[in-house]
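Close look at the chain arrangement
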Amino acid sequence: MHRPPPAQLQAASCRGRLPARSRPAAARGSRPTAAAAAAAGAEVPPELPERGQRAAAEEVPKEEAWDYVAPPELLARNRVWADAALRGRTLLAPLTKGGNLPFRRLCVDFDAELRTMSEMAFARKLVKGDRVENARMYRAPNELCFGVQIATNSIAEGLAASRAAARAGASWIDLNCGAGAMAGARPGQAQRRRPRPTAAPGRRAARAGMAGCPIFEATRRGLGAALLRKPTKLARLVAGIAAGSELPVTVKIRTGESDRKVNAPRVVALLEQAGAAAVTVHGRTMEQRYKKAADWALIASLAAAHPGLALLGNGDLLTHYEADARRRSGVAGLMVGRGALIKPWIFEELREGRELLLTAAERVGVYRRLAGHMKAHFGDDAWGKRKAFYFFPWHFAFFSRYRPLPAEVYAADAARHPLIATRSDLADPRVGESEAELPLLERLLRCEAEAAHGPIAEAIWDAASDADAVTALEALAASSLAGWEEELRAGGRDGSGRDDDAAVEG
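Everything quoted here is computed from the prediction, not taken from an experiment. (Residues numbered from 1 in each chain as written. Predicted model: local features only at pLDDT ≥ 70, side-chain atom pairs only at ≥ 80, totals over all residues. Heavy atoms only, no water.)

Let's talk about the overall build of the protein
- Check the secondary structure of the protein and you find 21 helices and 9 strands.
- By residue count, 61% of the 506 residues in the protein fall in the buried class.
- Considering only intrachain contacts with a sequence separation of at least 6, the fraction spanning at least 24 residues in the protein is 77%.
- Accessible surface computed for the protein: about 19200 Å², of which carbon and sulfur atoms make up 52%. (Helix = DSSP H or I, 4+ residues; strand = E, 2+ residues; numbered from the N terminus. Buried < 20%, exposed > 50% of the residue type's maximum accessible area, 1.4 Å probe, protein only. Contact = heavy atoms within 4.5 Å. Areas by Shrake-Rupley, 256 points an atom, 1.4 Å probe, with all protein chains shown as cover.)

Given below as structure tokens:
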């Protein structure tokens, strides 16, 4: 299993560490900080009182007016680091389950300059030595600029997690205040070329949609997107961590709790004051999940209002021409989540400004490369396969959503409605396809039936070459595809009826 490479192997432009003796101090006259922050050699901002002797249980005061501004040294460091590491860059979003190390390695294969982030880790479990949480900090050998995302509402835990991330070779830490769905939830379906309904989610969907990080448990504990409900409390938390962290601290947020409680303008302003090195805005509220298109107009207004802050935009990026339009919104950079899960080569498309339009056989080669990265990371024996297959078949629920989207056909559609938020049939006559003439291998790779994804993964895992994988998959399609497609039709899921609420971004 890969361990993080030494910190000195990081790209120079991504190094964000600040020597202990030059870490910024808070304004003169600030009150004492928590024990963990004091041990780190840093003062924290005013009005961050000590909460008793149990630093691990430290809380931030209730919502109130706050006029703190981070020290000039911290703001200067942030700007230098963000300009070098993030501005003008593309980032892979923190993805629950999908953001495993082998998948991140695959994405970097398509863009060596890609900035990557870990799956979200619970800071409390991380600092207690939980093996699963600590494994999220492992870095692939080709990840030159890698951030660790944490969920916490405690300054002490955040500082301890920052130190652990620094030891693991991370370039920065990110605080999760975004919204998602429950871990391991099945991803949404393939697309159709018409806007999906935007009715309000039901009670069950709304409850899951309140998950501030990829699992509802985090919000229940007051972590993740729950922090958006009290912007000043969040700002104090970020200020305390940023003041004592040797790594830059970034924050990922949604636009607010609901349509009636959009508070991103206030949140972003406070986070800039608090000393966040960058802020990523996912252009939806917590309750919206993925029901509506991302609000890029709001993202653009936030970027314009905070020219000195590296503000990154996130939401509904599936093609290079959609990304080009979003870059013109004035954001410092773009973060891609679900689009990467559907086609990991999207980062090469964004870098080169063109659609790759991979054939079915070429996509099999990409999927085999992912299998190879999983064998290298988890092991090529039975135990390694068992661990890898927690992830590998799951990925095909997203891979099956791939459709060719040439700009000359779909750019006009994309200008009206995001392509990732629309649905497609099995074949599209506009690109010269028909279901009757679609090759068996292509049909198989587009099959959304969950029962198909395990056998597809098995065939690719066991193949000795790309050609062998194609042969095995064609045989699988000939023997089983008709049955899987019939199951989809019988279940009312014909490629246009499944929900797309299963969020995976942290």
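Continuing now.
Considerations on the pattern of salt bridges
- Evaluation of the coordinates by the stated rule reveals 28 salt bridges.
- With a closest N to O distance of 2.8 Å, lysine 343 and glutamate 349 form a salt bridge. Across the pair, glutamate 349 and lysine 343 agree in class, each one buried.
- Of the charged contacts, one joins glutamate 486 and arginine 489 as a salt bridge, the two residues approaching to 3.1 Å between their closest N and O atoms. Placement of the pair is glutamate 486 and arginine 489 together in helix 21 (residues 466–490), with a separation of 3 residues, close to one helical turn.
- Through salt bridges with shared partners, a single ionic network connects Asp111, Arg351, Glu352 and Arg354. (Salt bridge = Lys/Arg side-chain N within 4 Å of Asp/Glu carboxyl O.)

As for the side chain of lysine 97
- Tracing the chain through its elements places lysine 97 in the loop between strand 1 (90–92) and helix 3 (101–109).
- Here lysine 97 is buried and forms no salt bridge, its nearest opposite-charge partner glutamate 450 lying at an N-O distance of 8.0 Å. (Lys, Arg positive; Asp, Glu negative; His and termini not counted.)

A few points about the nonpolar core
- If you look at the biggest cluster of nonpolar residues, it comprises 135 residues, and the most contacted ones within it are Leu175, Leu234, Ile253, Leu271, Phe392 and Leu473.
- Apart from residues lying up to four places away in sequence, phenylalanine 392 is in contact with Tyr367, Leu370, Ala371, Met374, Ala457, Ile460 and Trp461. (Core = buried A, V, L, I, M, F, W, Y, C linked by side-chain atoms within 4.5 Å.)

Describing the packing of aromatic side chains
- Tallying each qualifying case throughout the model produces 13 aromatic pairs.
- Ring geometry for tryptophan 81 against tryptophan 172: centres 5.7 Å apart, planes inclined by 55°, an arrangement best described as tilted. In this pair, tryptophan 81 sits in helix 2 (residues 72–85) while tryptophan 172 sits in strand 5 (residues 172–177), placing the two residues 91 residues apart along the sequence. Summarising the burial analysis for this pair, tryptophan 81 and tryptophan 172 share the class buried.
- Measuring from ring centre to ring centre gives 6.2 Å for phenylalanine 392 and tryptophan 461, while their planes differ by 55°; the resulting arrangement is tilted. Highlighted residues: phenylalanine 392 in helix 17 (residues 392–399) and tryptophan 461 in helix 20 (residues 450–462), separated in sequence by 69 residues. (Phe/Tyr/Trp six-rings, centres within 6.5 Å; stacked < 30°, edge-to-face > 60°.)

Considerations on the pairing of strand 4 (residues 146–151)
- Most of strand 4 is tucked away: 6 of the 6 residues are buried.
- Covered by surrounding structure in strand 4 are Phe146, Val148 and Ile150 together with Gly147, Gln149 and Ala151, the residues of both alternating faces.
- Bridge count for strand 3 (residues 121–122) against strand 4 is 2 bridges, and the pairing is parallel. Bridge pairing in strand 4 links phenylalanine 122 to alanine 151.
- The pairing of strand 4 with strand 5 spans 4 bridges and is parallel. (Pairing = 2+ DSSP bridges.)

Details of the packing of helix 17 against helix 20
- Interaxial distance between helix 17 and helix 20 falls to 8 Å at its minimum, and their mutual angle equals 115°. Judged by the angle between their axes, helix 17 and helix 20 are roughly perpendicular. Note that helix 17 runs across helix 20; the crossing there is right-handed. Residues Phe392, Pro393, Phe396 and Ala397 of helix 17 lie in contact with helix 20, whose contacting residues are His453, Gly454, Ile456, Ala457, Ile460 and Trp461.
- Counted by class, the contact of helix 17 with helix 20 contains 8 nonpolar, 2 polar and no charged residues. (Axes fitted to C-alpha atoms, helices over the stretch in contact; angles between N-to-C directions. Parallel < 35°, antiparallel > 145°, perpendicular 65-115°, else oblique. Left-handed = near helix turned anticlockwise from the far one by under 90°. Nonpolar A, V, L, I, M, F, W, Y, C, P; charged D, E, K, R; others polar.)

Digging into helix 3
- Burial analysis of helix 3 places 8 of its 9 residues in the buried class, the great majority of the element.
- For helix 3, the N-terminal capping position is held by asparagine 100, with its side-chain oxygen 3.0 Å away from the main-chain nitrogen of phenylalanine 103. (Polar contact = N/O pair within 3.5 Å; in protein donor to acceptor, adjacent residues only side chain to side chain.)

Here's the deal with the confidence of the model for the protein
- Put simply, the protein has an average pLDDT of 83, and 76% of its residues get 70 or more.
- Across residues 1–10, where pLDDT falls below 50, the model places 30 contacts with residues more than four positions away in sequence or in other chains.
- Between residues 46–61, whose pLDDT stays under 50, and residues either more than four places distant or in other chains, the model counts 48 contacts. (pLDDT = per-residue confidence, 0-100.)

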